[in-house]
Protein chains: 2
Amino acid sequence: MSEATEPPVIVLVRPQLGENIGKAARAMLNFGLTEMRLVAPRDGWPNPSAGPAASGADIVLDQARVFASTADAVSDCAHVYATTVRKRGVTKPVVTAEQAARQFATQDGRSAILFGPERSGLEANDVALARAILTIPVNPDFSSINLAQAVILCAYEWSRHRDLAIPPREELLPPAPQEDLEGLIAHFEKLLEPKGYFFPEPRAEATRMTLRSVLTKPGWNHLEIRTLRGILSSLSRESVKGTDG
Amino acid sequence: MSEATEPPVIVLVRPQLGENIGKAARAMLNFGLTEMRLVAPRDGWPNPSAGPAASGADIVLDQARVFASTADAVSDCAHVYATTVRKRGVTKPVVTAEQAARQFATQDGRSAILFGPERSGLEANDVALARAILTIPVNPDFSSINLAQAVILCAYEWSRHRDLAIPPREELLPPAPQEDLEGLIAHFEKLLEPKGYFFPEPRAEATRMTLRSVLTKPGWNHLEIRTLRGILSSLSRESVKGTDG
């Protein structure tokens with residue numbers, strides 16, 4: 001369980017301007033981050049405005065991968081953090097960029113940081129994928145961090161903490177990759193749907209969100225999730241009659 | 001000696017683009033810094049490009065003061081830090097942004113951080129005013145921090161450390177304001193000049209720099225500087241003959 005910790009993945013969710021994607025790449029590479037993922041960039045990809053703004057950080061742009069959904073983008077990540085300035089009564093742990101960076105440096109499994117679109121920030125659906133909220137404490141009277149600035153502050157904190165001595169680790173398994181968790185959530189939903197759990201329709205969305213939140217919080221490892229999947233499978237089987245004889 | 005520590009002054013030395021001045025203002029205010037000083041901005045001041053780039057941080061721009069020289073801009077500051085990425089065989093202490101922020105929060109007297117022009121950075125003459133070099137450790141293979149990013153990282157670090165408990169302070173006087181030091185240096189030069197100390201001319205500049213460096217390093221307090229000035233005055237006086245009788 002002691003492979004070297006990998007740097008966090010920077011996930012730009014529905015970024016609007018190619019220029020900002022380029023600036024984010026430049027911000028990343030200054031502090032040694034190279035893996036960028038783009039979720040449904042508004043103007044497609046590649047974007048001719050990104051390159052000039054990257055000021056030479058072409059390696060980050062060249063290797064950037066595009067995904068159709070945020071869930072797809074973080075499917076292989078064990079630790080997903082959502083950056084947000086708005087508190088929406090979220091029931092997830094909130095960490096500072098510094099605390100998150102310490103976690104990146106000391107936990108197994110890939111970490112990802114989600115950044116929302118320039119104007120609107122992450123949507124509740126994106127935040128729901130995350131196990132924690134990453135926040136940068138700013139002036140309460142003037143909070144105006146742009147995308148590339150948020151990225152550079154996170155990258156800077158990663159850089160400051162990357163050389164943290166890896167403390168002696170208990171043989172704890174890291175949380176399962178996000179795709180395992182998604183499988184579990186989908187499994188639950190598939191079983192619950194026909195039971196009228198998401199009825200009435202106007203409340204269905206909120207109910208799904210609550211379910212996701214409950215299942216996301218524990219940070220189960222892959223063995224635990226496998227166990228849960230087994231439990232669900234068992235629950236959904238026809239009752240077994242007359243096994244004797 | 002325990003007044004509340006004041007936030008550092010951000011000094012932009014010969015900034016080129018108004019847009020970057022605005023971005024720096026925005027970066028500052030996000031983390032509660034409001035005092036900006038401009039040394040000989042290339043396009044004069046006020047600059048119509050600054051406002052839009054400040055995204056609402058108008059208070060910083062409105063209060064910005066303009067100075068003709070870097071020395072003027074920091075004349076009331078006790079602790080001057082020069083940001084630079086280039087190591088020029090400087091014989092000054094080098095601190096990270098984090099270490100500097102801890103110092104801001106725990107030392108008496110005003111602190112100032114000098115940022116150079118976008119393209120070229122600070123000149124040796126500017127750096128010579130500083131008691132320490134402030135550096136941001138970046139990727140050795142890709143170092144491309146722009147002005148506003150350097151400012152935001154410094155402001156962020158200040159914000160992280162501003163609430164540091166002020167440790168019990170010995171009754172140490174802070175270094176004297178920079179203008180006191182300038183007075184001392186000028187006093188030395190005035191006395192040395194006629195002595196041929198700065199001769200031959202081609203070496204004069206380097207010799208002056210060396211002198212400044214030697215006098216800047218100690219961080220003398222105002223009493224010590226007063227003492228030194230008194231010593232210089234004494235040295236320059238005509239010899240007193242026949243005091244007896």
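Here the structure is shown first, and the text comes after it.
Residues numbered from 1 in each chain as written. Chains lettered and ligands numbered in written order. Predicted model: local features only at pLDDT ≥ 70, side-chain atom pairs only at ≥ 80, totals over all residues. Heavy atoms only, no water.

S.K.: What is the right way to look at the interface of chain B and chain A in this model?
M.R.: Put simply, an interface is often sized by how much accessible area is lost when its parts join up. Contacts between the two partners involve 29 residues from chain B, matched on the other side by 29 residues from chain A. Approximately 2200 Å² of surface area, both sides summed, lies buried where chain B meets chain A, with 52% of it carried by carbon and sulfur atoms. Broken down residue by residue, the surface that chain B buries against chain A is led by B:Asn30, B:Phe142 and B:Tyr156, which jointly contribute 28%. Where chain B meets chain A, there are four salt bridges. In this structure, A:Arg160 engages B:Glu157 in a salt bridge whose closest nitrogen and oxygen atoms are separated by 3.6 Å. Summed over the shared surface of chain B and chain A, the number is 12 residue pairs in polar contact (both at pLDDT 80 or more). (Contact = heavy atoms within 4.5 Å. Buried area = accessible area lost by both parts, 1.4 Å probe. Salt bridge = Lys/Arg side-chain N within 4 Å of Asp/Glu carboxyl O. Polar contact = N/O pair within 3.5 Å; in protein donor to acceptor, adjacent residues only side chain to side chain.)

S.K.: Is there a simple way to explain the sheet that holds strand β6 (residues 111–115) of chain B in this structure?
M.R.: Sheets are built from strands paired through backbone hydrogen bonds, the pairs being either parallel or antiparallel. All names here are of chain B. Strand order in the open sheet made by the seven strands is β3-β2-β1-β6-β4-β7-β5, with parallel pairing throughout. This sheet does not close on itself; its edge strands, each paired only once, are β3 (65–67) and β5 (94–96). Across this sheet, the average inter-strand angle for adjacent strands is 30 degrees, counted without regard to direction. Pairing between strand β4 (residues 79–83) and strand β7 (residues 132–135): three bridges, direction parallel. The residue of β7 that forms the bridge with Ala-82 is Ile-133. Strands in contact with helix α1 (residues 18–30) are β1 (9–13) and β2 (36–39); relative to β2, the strand with the most contacts, it is inclined by about 155 degrees. (Pairing = 2+ DSSP bridges. Helix = DSSP H or I, 4+ residues; strand = E, 2+ residues; numbered from the N terminus. Axes fitted to C-alpha atoms, helices over the stretch in contact; angles between N-to-C directions.)

S.K.: When you look at the relation of the copies chain B and chain A in this model, what are you seeing that I'm missing?
M.R.: One chain copy maps onto the other through a rotation about an axis and a shift parallel to that axis. For the match of chain B to chain A, the screw axis carries a shift of 0.0 Å, the RMSD comes to 0.1 Å, and the turn is 180 degrees. This pairing of chains is accounted for by a two-fold axis. Comparing interface residues between copies, 100% of those in chain B also lie at the interface in chain A; the contact surface is shared. (Least-squares fit on C-alpha atoms with pLDDT ≥ 70 in both.)

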